[in-house]
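Fold and contact review
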Protein chains: 4
Amino acid sequence: MARTKQLPQDISNTGYTANAGMQRIMNRDGSLNVQRKGLNWWQRNSIYHTMISLSPGRFMLVVFLFYTSTNLLFASIYTLLGIDKLQGIDPVSGFGEKFMQAFFFSSQTLTTVGYGHISPKGMAANIVASLESFIGIMAFAIVTGLFFARFARPRAFLRFSDNLIMSPFKESAAFMLRVISAKNISLTDVQAEVTTAFEVEEHGKKSTRYFQLPLQFSRINSLALSWTVVHIIDDKSPFYGLSLEEIKKSNLEVMINVRAFDEHYSNTVQQRISYKGDEILYGARFLPAFAPSEDGRSTILKVQKLNHHEKLEETHVAAILEKIKLDQGKSVEAKA
Amino acid sequence: MARTKQLPQDISNTGYTANAGMQRIMNRDGSLNVQRKGLNWWQRNSIYHTMISLSPGRFMLVVFLFYTSTNLLFASIYTLLGIDKLQGIDPVSGFGEKFMQAFFFSSQTLTTVGYGHISPKGMAANIVASLESFIGIMAFAIVTGLFFARFARPRAFLRFSDNLIMSPFKESAAFMLRVISAKNISLTDVQAEVTTAFEVEEHGKKSTRYFQLPLQFSRINSLALSWTVVHIIDDKSPFYGLSLEEIKKSNLEVMINVRAFDEHYSNTVQQRISYKGDEILYGARFLPAFAPSEDGRSTILKVQKLNHHEKLEETHVAAILEKIKLDQGKSVEAKA
Amino acid sequence: MARTKQLPQDISNTGYTANAGMQRIMNRDGSLNVQRKGLNWWQRNSIYHTMISLSPGRFMLVVFLFYTSTNLLFASIYTLLGIDKLQGIDPVSGFGEKFMQAFFFSSQTLTTVGYGHISPKGMAANIVASLESFIGIMAFAIVTGLFFARFARPRAFLRFSDNLIMSPFKESAAFMLRVISAKNISLTDVQAEVTTAFEVEEHGKKSTRYFQLPLQFSRINSLALSWTVVHIIDDKSPFYGLSLEEIKKSNLEVMINVRAFDEHYSNTVQQRISYKGDEILYGARFLPAFAPSEDGRSTILKVQKLNHHEKLEETHVAAILEKIKLDQGKSVEAKA
Amino acid sequence: MARTKQLPQDISNTGYTANAGMQRIMNRDGSLNVQRKGLNWWQRNSIYHTMISLSPGRFMLVVFLFYTSTNLLFASIYTLLGIDKLQGIDPVSGFGEKFMQAFFFSSQTLTTVGYGHISPKGMAANIVASLESFIGIMAFAIVTGLFFARFARPRAFLRFSDNLIMSPFKESAAFMLRVISAKNISLTDVQAEVTTAFEVEEHGKKSTRYFQLPLQFSRINSLALSWTVVHIIDDKSPFYGLSLEEIKKSNLEVMINVRAFDEHYSNTVQQRISYKGDEILYGARFLPAFAPSEDGRSTILKVQKLNHHEKLEETHVAAILEKIKLDQGKSVEAKA
């Protein structure tokens, strides 16, 4: 009870729901755990956003499938019009062979390679071919645009530590995560914002409350090396006065949003992650991930050591939290 | 009279006119209800903006019309030069047939498919063909650029409730609208700004005055679910002390501007809407549009329930407003 | 003398020089009146910026000249290799005719139209043709990029009044200019910043001093209609206490910078103008440039009335300024 | 000792390491002197960023190598399938000649020039050709995107003086550097941020401390001419009370970050530089780099005079610093 009084101001305008019991607010990859119902696929999705978000392999596959199916479609049309309307075609007999030749002519038209050893003859075939080459360059224009958009899409390429860990920190305990820039990108003016959601039971009813976690440093000039984002459990923390057991049982979720200025794009990039349940390690400490180079002339960032940590006794952390709780009790008594 | 004293500071620098009687300041879709006169189409319109704003179907149509008309133009030129300058052409007699063959050759040149079963012969035809293929790749370059610009144009894809509704809210009444993100786009740092315009009669002359409406929350972290934007009618509201009749007669218009950060584009997007006259429902209350999924593992946003509301008696709202007016009168008296 | 005391804080960090006597700091179109010496053209210019800034006609011309000269170059190479290396060519005798055929073959290769009635024969011609088609698609890629960049370049399309005018305003006088958005572009959050430069004589030495001019409104929500930017000559103005003669002799330059948010691009656009000497009208008043439409359903912005003003007697303005000067003298005396 | 008390607040959240002895934090060109280990090339580098950062020559080379190697690959495939599958080929005997013809056919397919005097025959060759032309247009789409991205990449094109210099300034000494905009680009709202790192010995242990250097002007309206960025050594400076010898021995590094608004791109651009060791001149003064033009109608910026300076006696500067140290001692005594 003493505890509830201590809860700092929560954020009621997160845009999330306060219904308790939800498994996860944000997925591990930073996307929201929300499903949209009542709209069909086209209304619900921006094709552009979908094409931009596909992995490179899948994107190439989609484009290739479009290429193949468009060729199949036009090959069918040419076959229907009569294969003799494609002059220069090899004199073949089987339907399959005829269709394949139509397919190849189609691909030559769609890509505008147009060798010309096969060419359309007569009104109908010429109109279809003229249309197909038009579709070809339009499709190509769209794909070029998509390729560029995929390339140019500002991304942070951050790597977060696998776990959020809790360790003793100065006179108290702290939640910590580590983040590095995985690629040859210069990120400056890097800012982290950490939000937590946990269940609070009031008047016998559980609800999810949201808190902004104050950070030791919420901004660094440059993400040159690894950055350990630290939330200290002090009297400004919503965890202040909770025991380790209580924290673990609160169905805790910690969401991190990192924004930075990418000098290449001259643009702001952003990446999110969320930690929940067994992704949080209680009692562990990160070990350094960088060191001077042997010749002392530069610093080496050992990316594989991003998750490098040592385990501590959970009881050790529990004891610290217990002590904080005790101190708090005293200070409340003192005030009274 | 007591009322006019209570009017909060209006905004005189909206960029809109203070002429009363105008039907609408902003159209429903957020565009301004202003016509530009005294410039021809080219001076008045940015072709680029026009091409970007066209619906996908209309855009494709414009491009297809350009393709067809350019082919018609060049087919005419080739026909004028003499159809015999196109070697490899089928020996045809009718003008129509000749023209069509010239048309097909033109399309093969413009799309650079260039089968070659027809090819230009002699100086003039070669020069024209050389120019046409140049125009073809230029036109294609432009269309590619436009496609990309259309794709990459940052858009919010917000859906607003059909109506602005007025309902009892806490101890007072409030104007409310609801907004959702219709597509698979992650919008963070979402901000709403609501401006109202209504007619005020002073010294017997009507003029339109503009007010910024204070909101319960003007910013949410993430537009994950539905957001109900709420303006409470309290002593900071320009509606404070007005009866329902007075509000209805004031030729009210409410304009909403929502800005958000789109994580895909790393860009700020913006969308507007305006409500006027019968788009405002007096006496209604929104009903929830989201619920936990059956397995409790995620939240479901029911987009079709965006407008889901229950009707209330208008007299109920009128009574609340009357009571506010009364309270206000008392407080003014108390001060005096 | 009394006057100099009144000069508000000038801005010493404009980035401009304080050398008096310079004809103009900023050109009328907003570009800086500075020449860079000591670098060659390539070091001094960004080709990209140059290509983007060219007028549409000049840009097309540059591209067409590149197309023609590249064809001339390759036609020369094919002619040098021997015209018989281009099989399918018409049997021609004159050098001119041979060269032209090589030119046409080159254009068919560069645009990748490749009819094929002419084709390269032998090693050398094939290598050159292979290289030319590669150059063709590269050049086309560059041109596509430039077209897009030209299209997508955020521009404000503002129109400023031809003159900066000075008119009586409320109890004082004011400098005014008028600005409209000429195209179908929605500009919101429009901000103006006005800087003035004039010569001050101190200790017998003239120097140029820079001042920010405070504005009646420096920001409007939306540039829906015309916006009159107004600087009132009050005690915060650097012109306070100057006579009309003194202002006219001070080699005055007024530079305006307007920034706005373009909703189409979701980007900030900016445009500048500078007024100097006879572009400033002393004694004039702008007349309205917009009116309700006949049916009262919308507002009409009459763009051709952007400069619509009535002339006033200069002596009238001079008298106002003289009165201000007098008041100022009194207030200084009163303090003493 | 008196000195250490005077050290202003250092910045602990730079994102750099505090390990002393490192040769350089930032390289001269503004990139960070950090190596990433433990990731392979693909994980460590963004291909996109790499392609964007290549010099124009190297980029063209990479694209040309891709073109050539793809042609070699497909030429090999066609040769393996049997050169007779390419109809229209010259009847040649040697392997080399056959391969070259396959190579030329490949290049005609990849660039979609497709003359057609050579064309694929039979299933296998047609499939490969169909695939190659698809790869061709895809590759071209990617290259177009990269070209545009390279063009459109916002860059500042700043030139910094070769040296950071220290000179007497007003009653004290100052660090200065000079910066100009080298190209025809209009940069406004230019801001400089200067960070310094030097070694401090505390309790016998050396560590690197970081300080933000206060500037005389940290922002100018427009980078029209040259801008001399000045840090004055006063009581807010971390160098306050240090002798010249101490400064020189502190393994000093000065990092400058300049941000500006590029009006062409309507975007923020940024450029950095770092000075260390012998790039710092103690005892020198910049000489003017611009002058009015002969006709007095504009200002000339002499870019080649960016580094124009005169040498001063180092002892002169040392004396000034010594005097400051003395003054400081006195003021400390006075307080005591």
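Refer to the structure printed above.
Residues numbered from 1 in each chain as written. Chains lettered and ligands numbered in written order. Predicted model: local features only at pLDDT ≥ 70, side-chain atom pairs only at ≥ 80, totals over all residues. Heavy atoms only, no water.

Quick word on the interface of chain B and chain A
By a frequent convention, interface size equals the accessible area lost on bringing the separate parts together. Contacts between the two partners involve 57 residues from chain B and, on the opposite side, 69 residues from chain A. Around 5400 Å² of area is buried between chain B and chain A when both sides are counted, 59% of it from carbon and sulfur atoms. Linking chain B with chain A are zero salt bridges. In this assembly, chain B and chain A are joined by 13 residue pairs in polar contact (both at pLDDT 80 or more). At the level of secondary structure, the elements contributing two or more residues to the side of chain B that touches chain A comprise α4 (56–81), α5 (95–110), α6 (123–152), β7 (187–202), β9 (219–222), β11 (253–262), β15 (290–292) and β16 (299–302) of chain B. With seven residues, the single largest contributor to the side of chain B that touches chain A is α6 of chain B. Here the residues of the side of chain B that touches chain A are counted per class, giving 29 nonpolar, 19 polar and nine charged. Summarising the sheet, strand β1 (residues 34–37) of chain A and β16 of chain B pair through four bridges and their orientation is parallel. Looking at the pairing, V34 of chain A lines up with T299 of chain B of β16 of chain B. (Contact = heavy atoms within 4.5 Å. Buried area = accessible area lost by both parts, 1.4 Å probe. Salt bridge = Lys/Arg side-chain N within 4 Å of Asp/Glu carboxyl O. Polar contact = N/O pair within 3.5 Å; in protein donor to acceptor, adjacent residues only side chain to side chain. Helix = DSSP H or I, 4+ residues; strand = E, 2+ residues; numbered from the N terminus. Nonpolar A, V, L, I, M, F, W, Y, C, P; charged D, E, K, R; others polar. Pairing = 2+ DSSP bridges.)

Re the relation of the copies chain B and chain C
Laying chain B over chain C is done by rotating through 90 degrees and shifting 0.0 Å along the axis; what remains is an RMSD of 0.1 Å. Taken together, the turn and the small shift mark the pair as related by a four-fold rotation axis. By residue overlap, the copies meet through two different surfaces: only 12% of the interface positions of chain B are interface positions in chain C. (Least-squares fit on C-alpha atoms with pLDDT ≥ 70 in both.)

Topic: the interface of chain B and chain C
Taken residue by residue, the interface counts 69 residues in chain B and 57 residues in chain C. For the pair chain B and chain C, the two sides together bury roughly 5400 Å², of which 59% comes from carbon and sulfur. Applying the counting rule to chain B against chain C returns zero salt bridges. If you tally residues by element for the side of chain B that touches chain C, the top one is α6 of chain B, at 18 residues.

What about the sheet that holds β16 of chain B?
What holds strands together in a sheet is hydrogen bonding between their backbones, with the strands either parallel or antiparallel. In space, the three strands of this open sheet follow the order β1(A)-β16(B)-β15(B), with mixed pairing throughout. Strands with a single pairing partner mark the edges of an open sheet, and in this sheet they are β1 of chain A together with β15 of chain B. Taken pair by pair, the neighbouring strands of this sheet meet at an average axis angle of 25 degrees, ignoring direction. As judged from the three bridges shared by β15 of chain B and β16 of chain B, these two strands associate in the antiparallel manner. Note that in β16 of chain B the partner of F290 of chain B across the bridge is L301 of chain B. (Axes fitted to C-alpha atoms, helices over the stretch in contact; angles between N-to-C directions.)

What about the packing of aromatic side chains?
Note on aromatic pairs: each is described by the distance of the centres and the angle between the planes. A complete count under the given rule lists 60 aromatic pairs over all chains for this structure. Aromatic side chains F198 of chain A and F211 of chain A sit 5.3 Å apart centroid to centroid with 20 degrees between the ring planes, which places their arrangement in the stacked category. Taken as a pair, F198 of chain A in strand β7 (residues 187–202) and F211 of chain A in strand β8 (residues 205–213) lie far apart in primary sequence, 13 residues in all. You can call F211 of chain A buried: its relative accessible area is 1%. With a centroid separation of 6.4 Å and an interplanar angle of 40 degrees, the aromatic rings of F74 of chain C and Y78 of chain C are classed as tilted. (Phe/Tyr/Trp six-rings, centres within 6.5 Å; stacked < 30°, edge-to-face > 60°. Buried < 20%, exposed > 50% of the residue type's maximum accessible area, 1.4 Å probe, protein only.)

Topic: unusual backbone geometry
Positive phi outside glycine occurs at K170 of chain A, with the angle close to 50 degrees. For K170 of chain A, the position within the fold is in the loop between β5 (164–169) and β6 (172–181). Even without being glycine, T112 of chain C reaches a positive phi, approximately 60 degrees. Mapping T112 of chain C onto the fold places it in the loop between α5 (95–110) and β3 (119–120). With a relative accessible area of 6%, T112 of chain C lands in the buried category.

What about the relation of the copies chain B and chain A?
Turning one copy of the chain about an axis and sliding it along that axis gives the other copy, so a rotation and a shift relate them. Taken as rigid bodies, chain B and chain A are interconverted by a rotation of 90 degrees and an axial shift of 0.0 Å, the fit giving an RMSD of 0.1 Å. Taken together, the interface assignments show that only 14% of the residues at the interface of chain B recur at the interface of chain A, consistent with different surfaces on the two copies.

Remarks on the side chain of S186 of chain A
Relative to the assigned elements, S186 of chain A resides in the loop between β6 and β7. Judged by its relative accessible area of 17%, S186 of chain A is buried. Here R272 of chain D takes part through its side chain, which lies 3.0 Å from a polar atom of the side chain of S186 of chain A. Beyond its immediate stretch of four places on either side in the chain, S186 of chain A contacts F261, D262 and E263 of chain A together with R272 of chain D.

A look at the packing of helix α6 (residues 123–152) of chain C against helix α5 (residues 95–110) of chain D
At a minimum axis distance of 10 Å, the contact between α6 of chain C and α5 of chain D shows a crossing angle of 25 degrees. Here α6 of chain C is positioned roughly parallel relative to α5 of chain D, judged by the angle of their axes. Crossing hand, α6 of chain C versus α5 of chain D: left-handed. Contact residues: M123, N126, I127 and S130 of chain C in α6 of chain C; M100, F104, S107 and Q108 of chain D in α5 of chain D. Split by residue class, the contact of α6 of chain C with α5 of chain D holds four nonpolar, four polar and no charged. (Parallel < 35°, antiparallel > 145°, perpendicular 65-115°, else oblique. Left-handed = near helix turned anticlockwise from the far one by under 90°.)

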